[in-house]
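Listed below are the residues making up each chain.
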Amino acid sequence: MIIKRDKDKKEILGVLCSGRGTNLESIIKAVKDGGINAEIAVVVADKKDAFALKRAENAGIKAVCVDYKSFSQREDFENAIMEELKKCGVTLIILAGFMRILGKNFVREYSGRMMNIHPALLPSFVGAHAHRDALSYGVKVSGCTVHFVDEGMDTGPIIVQSAVPVKDDDTEETLAARILEEEHKIYPKAIKLYCDGRLKIDGRKVEILDE
Ligand code: GAR
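To start, this report covers the structure provided alongside it. (Residues numbered from 1 in each chain as written. Predicted model: local features only at pLDDT ≥ 70, side-chain atom pairs only at ≥ 80, totals over all residues. Heavy atoms only, no water.)

Quick look at the sheet that holds strand β4 (residues 92-95)
Here comes step 1: If you trace the seven strands from one edge of the open sheet to the other, you get β3-β2-β1-β4-β5-β6-β7, paired in mixed fashion. Strand pairing shows two members of the sheet lacking a second neighbour, β3 (62-65) and β7 (158-165), which therefore form its edges. Taking each pair of neighbouring strands and ignoring which way they run, the sheet shows an average axis angle of 20°.
Here comes step 2: Pairing between β4 and strand β5 (residues 114-118): three bridges, direction parallel. Within β5, the residue paired with Ile-94 across the bridge is Met-115.
Here comes step 3: Sheet contacts for helix α2 (residues 51-58): β1 (11-17), β2 (38-45) and β3; angle to β3, the most-contacted strand, approximately 160°.
Here comes step 4: Set on the sheet, helix α3 (residues 74-87) makes contact with β1, β2, β3 and β4; between it and β2 the angle comes to about 155°. (Pairing = 2+ DSSP bridges. Helix = DSSP H or I, 4+ residues; strand = E, 2+ residues; numbered from the N terminus. Axes fitted to C-alpha atoms, helices over the stretch in contact; angles between N-to-C directions. Contact = heavy atoms within 4.5 Å.)

And the structure:
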């Protein structure tokens, strides 16, 4: 399936974050520079103190906190997020350091229209401790992956990956910093490919179509 047919139509992005939001910042910059045919309509964070909310405000983007702690049921939390996204007419969801697993209903609703970035070369080192897991496994190369979100954890079809070396004296922090630099390059790139109608999903495979 080619997931976007109308190349000329601007995508409306909704970015979901949990923390500092450096990936969000790189996407804001790429959209502002005009390279991506999209606008960021809303940034949603699951915590009040997520610095990503400040970054959104500073860029003049609507920033909304849907506080995870104020919901007793995960489904209600997710419905509240969905409501915010729908209010803003979001057509593509970008998970940028969003540290919650989304349930089946949410994922199905946005199938083929939701991306995530993960700081490892998937399918290795899924989950919340990718850098630590890569270091303790002893890999010589790690990196980052942008993928479509499916119902599994970090298992959806892969759009773009970038590799970095792992050094003998790396700590979680030094490895994370090296990978983050690549994240800031490949996430805007993946979003642009989507917005330009150049992605085709065929089962697990994502083909990048010629311009
Ligand atoms: C990034 O390294 C991202 O890959 C990771 O969280 C960080 C968020 O940083 N995401 C995950 O681990 C998801 N499983 P940021 O808030 O500065 O963009």
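Let's pick the thread back up.
What to know about the site of the ligand
Here comes step 1: The immediate surroundings of the ligand are formed by Arg-20, Gly-21, Thr-22, Asn-23, Gly-97, Met-99, Ile-117, His-118, Pro-119, Gly-127, Leu-180 and Glu-183.
Here comes step 2: Here Gly-21 contributes a backbone N or O atom positioned 2.8 Å from an oxygen atom of the ligand.
Here comes step 3: Separating an oxygen atom of the ligand from a backbone N or O atom of Asn-23 is a distance of 2.9 Å.
Here comes step 4: When the ligand sits alone it has 450 Å² of accessible area, and the protein chains cover 89% of it. (Near = heavy atom within 4 Å. Polar contact = N/O pair within 3.5 Å; in protein donor to acceptor, adjacent residues only side chain to side chain. Areas by Shrake-Rupley, 256 points an atom, 1.4 Å probe, with all protein chains shown as cover.)

Concerning the environment of His-129
Here comes step 1: Structurally, His-129 can be placed in the loop between β5 and α5 (130-137).
Here comes step 2: Residues His-129 and Ile-27, spaced 102 residues apart in sequence, show a C-alpha to C-alpha distance of 23 Å.

Things to note about the nonpolar core
Here comes step 1: The biggest cluster of nonpolar side chains holds 43 residues, and the ones touching the most others in it are Ile-40, Ile-94, Met-115, Ile-159, Tyr-187 and Ile-191.
Here comes step 2: When residues in this core are grouped by element, the largest group, nine residues, is from helix α6 (residues 172-195). (Core = buried A, V, L, I, M, F, W, Y, C linked by side-chain atoms within 4.5 Å. Buried < 20%, exposed > 50% of the residue type's maximum accessible area, 1.4 Å probe, protein only.)

Re the state of the cysteines
Here comes step 1: Scanning all chains against the criterion turns up zero disulfides.
Here comes step 2: Looking at Cys-17, it has no disulfide partner, and the nearest cysteine sulfur is the one in Cys-65, 12 Å off.
Here comes step 3: For Cys-17, a relative accessible area of 0% translates into the label buried.
Here comes step 4: Between Cys-195, a free cysteine, and Cys-17, which holds the nearest cysteine sulfur, the sulfur-to-sulfur gap is 16 Å.
Here comes step 5: What makes Cys-195 buried here is its relative accessible area of 0%. (Disulfide = S-S within 2.5 Å.)

A word on α6
Here comes step 1: With 24 residues, α6 should reach 34 Å at 1.5 Å per residue; the first-to-last C-alpha distance of 33 Å fits that figure.
Here comes step 2: Of all the bends in α6, the greatest measures close to 25° and is centred on Glu-183.
Here comes step 3: The first or second residue beyond α6 is Gly-197, which carries a positive phi of 70°. (Expected span 1.5 Å × (residues − 1). Bend = angle between axes of the 7 residues up to and from the residue.)

Thoughts on the pairing of strand β9 (residues 205-208)
Here comes step 1: As paired elements, strand β8 (residues 199-202) and β9 share four bridges and run antiparallel to each other. In the sheet register, Ile-201 faces β9, and the bridge partner there is Val-206.
Here comes step 2: Adjacent in sequence and paired antiparallel, β8 and β9 are bridged by two residues, among which Gly-203 carries a positive phi angle near 65°.

Details of the pattern of salt bridges
Here comes step 1: All chains considered together, the criterion is met by 16 salt bridges.
Here comes step 2: Lys-62 serves as the salt-bridge partner of Glu-84, at 4.0 Å between the closest nitrogen and oxygen. Within this pair, whereas Glu-84 is found in helix α3, its partner Lys-62 is found in strand β3, the two being separated by 22 residues in sequence.
Here comes step 3: Glu-84 gets classed as buried once you look at its relative accessible area, which sits at 14%.
Here comes step 4: Of the residues examined, Lys-62 reaches a relative accessible area of 38% and is grouped as partly exposed.
Here comes step 5: With a closest N to O distance of 2.8 Å, Lys-192 and Asp-196 form a salt bridge.
Here comes step 6: Residue classification places Lys-192 among the partly exposed residues on the basis of a relative accessible area of 35%.
Here comes step 7: Counted as one network, the salt bridges with shared partners bring together Lys-62, Glu-84 and Lys-87. (Salt bridge = Lys/Arg side-chain N within 4 Å of Asp/Glu carboxyl O.)

All we've got here are geometric facts, nothing functional implied.
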